[in-house]
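# Results of the structural survey
Spelled out, the chains give:
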Amino acid sequence: MESECPTETKKGKSKTPKKAKESILKQKSPAEFFAENKNIAGFDNPGKCLYTTVRELVENALDSAEAISELPVIEITIEEIVKSKFNSMIGLVDRERVDEELYDDYETAKAREKRLAKEARAQEIQAKNAALGKKVKEHAVSKSSKGRGEASFYRDNGRGMPHDDIPNMFGRVLSGTKYGLKQTRGKFGLGAKMALIWSKMSTGLPIEISSSMRGQNYLSFCRLDIDIHRNIPHIHLHEKRDNKDKWRGAEIQVVIEGNWTTYRSKILHYMRQMAVITPYAQFLFKFVSDAPDKNVTIKFARRTDVMPPVPVETKHHPSSVDILLIKRLIAETSKQNLMQFLQHEFVNIGKPLAERLIGEMGPEFSPKTAVKSLTDQQIVRIHQLFRQAKFDDPSGDCLSPAGEYNLRLGIIKELHPDMVATYSGSAQVFEGHPFIVEAGVSVGGKDVKQGLNIFRFANRIPLLFEQGGDVVTRTALKRISWNNYKINQTQDKIGVFVSIVSTKIPFKGTGKEYIGDDISEIASAVKSAIQQCCIQLKSKIVKKMQAREQQERKRNLSKYIPDATNAVYDVLKEMAKSHASKKKRYEEGDADILRKVSDHLITKETLYEKLTQHVEKVDYEMALEYATQTGVREEPREDIYLESLDDKGNFFDFHSPIFVFRLFL
Amino acid sequence: MADKKRRRADSDSDSASQPFKNLLKSDAQILKILKSVTSSSSSSTSKPLTLADLALSATCREVSDLSLSSVQSTIEALVLQLTHQILSGQGFSFTVPSRSSSNQLYVPELDRIVLKDKSTVRPFSHISSVRKTTITAKILSLVHQLCLKNIHVTKRDLFYTDVKLFQDQVQSDAVLDDVSCILGCTRSSLNVIAAEKGVVVGRLIFSDNGDMIDCTKMGMGGKAIPPNIDRVGDMQSDALFILLVEKDAAYIRLAEDRFYNRFPCIIVTAKGQPDVATRLFLKKMKMELKLPVLALVDSDPYGLKILSVYGCGSKNMSYDSANLTTPDIKWLGIRPSDLDKYKIPEQCRLPMTEQDIKTGKDLLEEDFVKKNPGWVEELNLMVKTKQKAEIQALSSFGFQYLSEVYLPLKLQQQDWL
């Protein structure tokens, strides 16, 4: 099954040009293209497919909940479907193998017999057999009150999912409506559609969608798959159902082939990192299989109800556009003349600047030039000028960073570190696109390994793959001298969190899994953000070390008492000997000491005691001094968040002057 | 083209493969030149200046050789003082002369680095100094034992008496220097010696602990310089100069070629940074034999640094610079200007690293370099060309070029700074 896809891709590629030569031009639908090149969208193998499906759906759900400023509540359920169950789902009779040698897994036939005998262990072996399906059940539910909750999967959807649009939203690749410029989560905008293509390719089972919008008294239910060749949805069932319990949100059920065993840790990492960067969301992750001991249920609780603002759509910055984009903007604009076009379709071009720009373009341009009549040469001239002219940097107002508060809470919530520091940089610009770098550095914590643990986020989604080339990894490993901040790079448990948001993240590679290290603007912003965190941590660490020194001073001093007294006493003993044998004369006070040494009135123990007393005295004095200097310090207070209860109103409040007693019914 | 060159080289016999050989006069003539130099230099030597002569003894600190018994009684007085402090319940502390670089002073009149009078208190009852204080007490008691038994031990021996306390030898060595400063005596007076490092070969006869040593009959390797200088005496020599060599390789070349028989001289090396014994030995030779000292070091900042340690002393042991430094060492080679003068080929020159250039520039700021305009000029040239070369670069003209052409020519031209 796994090997089938690549060969198919190769065939497709080699055939197309050949055919084009000898016969008529053949068109390929977008859905076909992505079906053949699914690795571009992160569907490389069954394991990665499962992972990508989960993340696309989760990110869509977050986007849609945030679009209507609702706190996200997301449930993810992955259910393992063994072969026999799958067969019954598609109505295929589970046939016994007759010709055993026909099968690729002939060697395991014996094992298979055993498996039949022991049903409990069945899935493990069957998982290796080709026909294995997995079910991702996705709830994006906003159950909290007021009945205005709505969440769906579709990235550009803030309005909800109108009943009639559902088929096209899922069943047609590249059918988005968004043409503006905006910070978005999704990587390709394929999201659920790619999952649908993959389910079609691997299991052939349709996708099921239930959705309910605000103001709808019904529930939209839709079962569909996709006609890959024609790139149109193929609807099995599309109906309005009763929505008795006034549920709002969306639910998607898709059956795909996957591999839980190999991508388990990736998926869990993804969920954990997602919980770090979105502490205002509640995630419930479940893995259900026939073997109860393998089941996983993790709840990532909500820690705050402060959401970052919704990213605003912005216009293009003149220095970031290319010729094609200018043409597209011209085609779409409602403005008539060049003057208005420049002023309204770009940021940072005011009237005076627009006039100057037009003057600079040459004699054939005038403010009144009809924008739709511009020739190709003229457009190239405009593009050249945009590249060369100086414009103000775009502002970061259109971006929606996670915010220091949320990043900090997320880190505390998921890692429970001993210390944490966060920093949010100001907006900077790379190739006309604004970006903001935020960083957090934590020391210590639960489930953190020694050394550097790097968490990367781009537009508030975690990046898990291709860590090696990433700007964050390289900066943290090579350009931060942790020692300067009293952090031990190999011994301490260091968490480094860097979140970059931008209208266009300059990803490297096809998988969009990392940001290159060659962009000096981003590299230096990342470095300075991490350094700012380290500076904050350093003062904390130094204080801690001082406190520890206070505690351990007595022990550290006392440790050396025996060596010191021995050294002094050894000399005294020799001196006493020569004094006794009258080899040398000493002054009265000194002679007195030596006599006492000879008479064992002053012994090693005497010196030891005296030194110990002294150390205790010094320790007491210094502790007193330390206490008066530092005073009784209060740790900075931190807001705690108490999750609000479902206020359905079925309780009584008993009011007293000092407290309220609430009784739930 | 290459053929032509070779033919011309052949016709010039071996002067092309060993350039400048034709400039060499006969050995007898060179010897005559050398003799005139030696006699003039030895007659001009006067009694060396001391700190007292310059009225600096109040602000600068210097140690002197103390007899074993006076070292012992100084330690005992100190220990009694400590005991008083402990018994009175005040803990104890040492007052240690600071050996940091801010406490160093270059005195041009003396042409060496001396220690100023700043001291630091090292109390037992402070977390940052408890360790060093304990080690100091331990070293004091060990040296006291050495005084009682009248034996010598090495620094390594000392370290191994309590590895757990000292942790590594650097720490016990550093405290040993501190103890010298506290007691006001040289390190040799403490009866602690370093392992043998330096070697000497050539026209020198001296007694080592009663045995007469003839350094012309010590084979190729020469005689190891004895670590305790107080047992060395009765130096005799018919040498015309002392040749100080930075590196073992050049030393072996000269020893094997019996360079000292062609031009009567004494050849010394400490194989890199000089140890105390070699410095003391060189000083003793210079004082007793009154010979000029010529240095052959690499043409890089470190070569000059090593030269300066022989000449002006190291910062680490500036408290004893009076005994350790040999005044008036001449820089014979290889000097940066020699690279072009002797046409050392490009492939034998190395580019200086960032660190090298920095060290070179730092050296230019040092007073002991500034006092010699010739050195400043050479060093400026080195920093400007950013090239360095080892003594071995001369081997590109043949392994024996050093002993057969380069050195004789240098001597003939009296080309030293």
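Fair warning: this is a prediction, and the values are worked out from it, not measured in the lab.

## Describing the overall build of chain A
Helix and strand counts for chain A stand at 19 helices and 18 strands. Every one of the 665 residues in chain A was classed for burial, and the buried ones make up 49%. Within chain A, contacts between residues separated by at least 24 positions form 74% of all contacts whose residues are at least 6 apart in sequence. Taken as a whole, chain A presents about 34600 Å² of accessible surface, with 50% of it coming from carbon and sulfur.

## Thoughts on the UniProt feature "binding site: Mg(2+)" (unreviewed entry) in chain B
All names here are of chain B. Annotation from UniProt places "binding site: Mg(2+)" (unreviewed entry) at E246 and D298. On the basis of their most widely separated C-alpha atoms, the annotated residues across 53 residues gather in one place, lying no more than 7.2 Å apart. For E246, the position within the fold is in the loop between β13 (241-245) and α8 (248-256). Given the relative accessible area of 8%, E246 is considered buried. Beyond its immediate sequence surroundings of up to four residues, E246 is in contact with T269, K271, G272, L296, V297, D298, G303 and I306. Topologically, D298 is positioned in the loop between β15 (293-296) and α11 (301-312). Excluding its chain neighbours within four sequence positions, the residues that come into contact with D298 are E246, K247, G303, I334, A389, E390 and I391.

## Notes on the sheet that holds strand β10 (residues 211-214) of chain B
The strands that make up a sheet are held in pairs by hydrogen bonds between backbone atoms, and each pair lies either parallel or antiparallel. Residues and elements named next belong to chain B. As summarised here, the arrangement of the 3 strands in space is β10-β9-β12, forming an open sheet in which the pairing is antiparallel. Looking along the sheet, the strands with just one partner apiece sit at the ends: β10 and β12 (232-236). Each strand of the sheet is rotated relative to its neighbour by a mean of 25 degrees, with strand direction disregarded. Relative to β12, strand β9 (residues 205-208) is paired through 3 bridges, and the arrangement is antiparallel. Opposite I205, over in β12, you have Q236 as the bridge partner. Against the sheet, helix α10 (residues 276-289) engages β9 and β12, with an angle of about 45 degrees to β12.

## Points about the nonpolar core
The biggest cluster of nonpolar side chains holds 58 residues, and the ones touching the most others in it are I76, I78, F283 and F285 of chain A. At 10 residues, the largest contribution of residues to this core is made by helix α9 (residues 260-277) of chain A. Counting the residues that make up this core, at least three belong to each of domain 1 (30-88 + 146-300) and domain 3 (408-542) of chain A. The contact partners of F285 of chain A, leaving out residues within four places of it in the chain, are I76, I78, W260, I267, L268, M271, V296, T297 and I298 of chain A. With 52 residues, the next largest nonpolar core counts L572 of chain A together with V71, L158 and L165 of chain B among its residues.

## As for the packing of helix α3 (residues 68-87) of chain B against helix α4 (residues 130-149) of chain B
All names here are of chain B. It is at 9 Å that the axes of α3 and α4 come closest, and there the two elements cross at 145 degrees. Judged by the twist between their axes, the crossing of α3 over α4 is left-handed. Note on element contacts: α4 touches α3 through L140, V143, H144, C147 and L148, opposite L68, V71, Q72, I75, E76 and L78. When the residues that make up the contact of α3 with α4 are grouped by side-chain class, the tally is 8 nonpolar, 2 polar and 1 charged.

Definitions and cut-offs
- As a convention, each chain's residues are numbered from 1 in the sequence order in which they are written.
- Think of it this way: whatever chain is written first is A, whatever ligand is written first is 1, and the rest follow in order.
- Given that this is a predicted model, residues contribute local features only at a pLDDT of at least 70 and side-chain atom pairs are listed and counted only at 80 or more, while totals for whole chains, interfaces and linings are drawn from all residues.
- With hydrogens and water excluded, all non-hydrogen atoms of the structure serve as input to the side-chain values.
- Numbering of helices and strands runs from the N terminus; a helix is a DSSP stretch of H or I covering at least four residues, while a strand is a stretch of E covering at least two.
- The cut-offs for exposure are 20% and 50% of the maximum accessible area for each residue type, with area from a 1.4 Å probe on protein chains only; residues under the lower value are buried, those over the upper are exposed, and the others partly exposed.
- By definition in these notes, contact holds between two residues if any of their heavy atoms fall within 4.5 Å.
- Accessible surface area values rest on a Shrake-Rupley calculation with a 1.4 Å probe, where residue burial reflects the displayed protein chains alone.
- UniProt positions are given in the numbering used here, feature names are shortened, and annotations may be inferred rather than shown by experiment.
- In short, DSSP must find at least two bridges between two strands for them to pair.
- Axis definition: a line fitted to C-alpha atoms, limited for helices to the stretch in contact. Angles are taken between N-to-C directions and run from 0 to 180 degrees.
- Joining through side-chain atoms within 4.5 Å is the link that ties buried Ala, Val, Leu, Ile, Met, Phe, Trp, Tyr and Cys residues into a set, and such a set is a nonpolar core.
- Domain delimitation follows an automatic or database domain assignment.
- Here a crossing is called left-handed whenever its near helix is offset anticlockwise from the far helix by less than a right angle, and right-handed whenever the offset is clockwise.
- All residues other than Ala, Val, Leu, Ile, Met, Phe, Trp, Tyr, Cys, Pro, Asp, Glu, Lys and Arg, Gly among them, are scored as polar; the first ten of these are nonpolar and the last four charged.

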